[in-house]
Amino acid sequence: MSTPARTSAKGRSVKESGGAARRVTMTDIAREAGCSQATVSFVINDAPGIRLSPETRQRVLEVARRLGYGAVPARAPVEARKVKRGRRIGFIVDQLATSPEAVQAIEGLSQAAQAMGDLVFVAQSRNDVEIEAELIETFVGQGVSALVYMTIFTREVELPAALSDVDVPVLLLNCYATGQTIPAVVPSEIAGGQRATHHLITHGHRRIATITGEIWMEAAQDRLKGYRRALATADIPFDQDLVFTGDWSASAGYEATRKILDLPEVPTAIFCQNDRMAIGCYEALKEAGYEIPRDMSVVGYDDEEIARHLHPQLTTSVLPHRAMGQWIAEQLSDGLAEDLYPLTKLECPLVERASVDRPRS
């Protein structure tokens, strides 16, 4: 049920419009080279058994080098390489197939692990406790050196009983447990929500609406806390009438934005607490004749691929799942010998693009 996760060379930051730095991805290379992301992955990793034309390989490598996608050295044929056997790391996630966040975390961990000669084996539990127990037993039986347990929704978890009996390090990604006895890493959502709202405030906005996700989720609660902190820091009174609850979907963003535009005093900016709701927000604004950002500034969250293809490009915050995966690898490399591990929160950097401007006078 587990498969080794293939990885890529470490990318390098590039500049977005507005001056913010971001990391070059395989998607960037694929766009420039005129091929699929899968093709880029096959070329960068020199995947065995994949028949690609020499022209395609050369084009992908040239684009990767030009964009600064880390070191892309010429590689020896697979048959000629000596396999360096390092640690095996078991990675269990509750949802994988529909989750770009899980893929980013796995890639971040696998990328760093490969550099140390380690392998990552990935399996999906589908939130089934029996499957989780079987996976843990299987991974331990295969001789893994560590187990990583990830949830898609950031939350406190009650760890599977089988994890308490293993003799290998256990690390938590995007979740945490009581007691601080297990290393855990999550996004710094409160700071991310505060930073996104502060960005609007620094552009002169005082009446800022926000569209939250499902409020029972920690990510929605924390991003809303950050929104309120930014307002309080700027001495802007919090107005409950400017808070609209969504469900992370584009349709929720659309419906909430229509309600925002029906307010007696329409705000000058909207903080959508994920990029998908921002898509719906864009549609509602354009349908109502609003020009972004001249008539309304919009900020999203998550930095999904679509954010760079909206018109105008969407200012948003990066969910640091790739960095969290790399953090896991660093902890394993440094060794785990502490009794208590304070919860680690990684920054959600703001990527400034073209969807924010000063409000019209």
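How each quantity is defined
Residue numbers run consecutively from 1 along every chain, following the written order of its sequence. Owing to the predicted nature of the model, reporting of local features is limited to residues with pLDDT of at least 70; listing and counting of side-chain atom pairs is limited to 80 or more, with chain, interface and lining totals taken over all residues. The side-chain values count all of the structure's non-hydrogen atoms but skip hydrogen atoms and water molecules. Two strands are counted as paired when DSSP detects at least two bridges linking them. Going along the chain from the N terminus, every DSSP run of H or I of four or more residues is numbered as a helix, and every run of E of two or more is numbered as a strand. To obtain an axis, a line is fitted to C-alpha atoms, over the contacting stretch when the element is a helix, and the angle between two such axes runs from 0 to 180 degrees between their N-to-C directions. What counts as a salt bridge is simple: a side-chain nitrogen of Lys or Arg found within 4 Å of a carboxyl oxygen of Asp or Glu. Exposure is judged per residue with a 1.4 Å probe applied to protein chains only, and the accessible area is read against the type maximum: over 50% gives exposed, under 20% gives buried, and values in between give partly exposed. By the convention used here, residues are in contact when the closest approach between their heavy atoms is within 4.5 Å.

1. Thoughts on the sheet that holds strand β12 (residues 297-299)
Sheets are built from strands that pair by backbone hydrogen bonding, the pairs being arranged parallel or antiparallel.
Next, step 1: In spatial order, the strands read β10-β9-β11-β12; together these 4 strands make up an open sheet with parallel pairing. Every other strand in the sheet has two partners, leaving β10 (243-245) and β12 as the edge strands with one partner each. Averaged over neighbouring strand pairs, the angle between their axes works out to 20° when direction is ignored.
Next, step 2: With 3 bridges joining them, strand β9 (residues 208-212) and β10 adopt parallel strand pairing. Residue pairing for β10: T212 is matched across the bridge by T245.

2. Details of the pattern of salt bridges
Pairing is possible between side chains that carry opposite charge, provided their charged atoms lie close to one another.
Next, step 1: Enumeration over the complete set of coordinates arrives at 18 salt bridges.
Next, step 2: For the salt bridge of D118 with R87, the shortest nitrogen-to-oxygen distance reads 2.8 Å. Residue D118 is located in the loop between α4 (100-115) and β5 (119-124), and its partner R87 is located in the loop between α3 (54-67) and β4 (88-93); the two are separated by 31 residues in the primary sequence.
Next, step 3: A residue is classified by how much of its surface remains accessible, and R87, at 27% relative accessible area, is partly exposed.
Next, step 4: Residue D239 is joined to R207 by a salt bridge in which the shortest nitrogen-to-oxygen separation is 3.6 Å. With D239 in the loop between α7 (218-233) and β10 and R207 in the loop between α6 (189-202) and β9, this pair connects stretches of sequence that are 32 residues apart.
Next, step 5: Overlapping salt bridges bring together D28, R31, D303, E305, R308 and R353 as one network.

3. Brief notes about the side chain of T257
Next, step 1: Take T257: it is sitting in helix α8 (residues 250-261).
Next, step 2: According to the relative accessible area criterion, T257 is buried, its value standing at 0%.
Next, step 3: Aside from chain neighbours lying at most four places away, what touches T257 is I211, I270, C281, A284 and L285.

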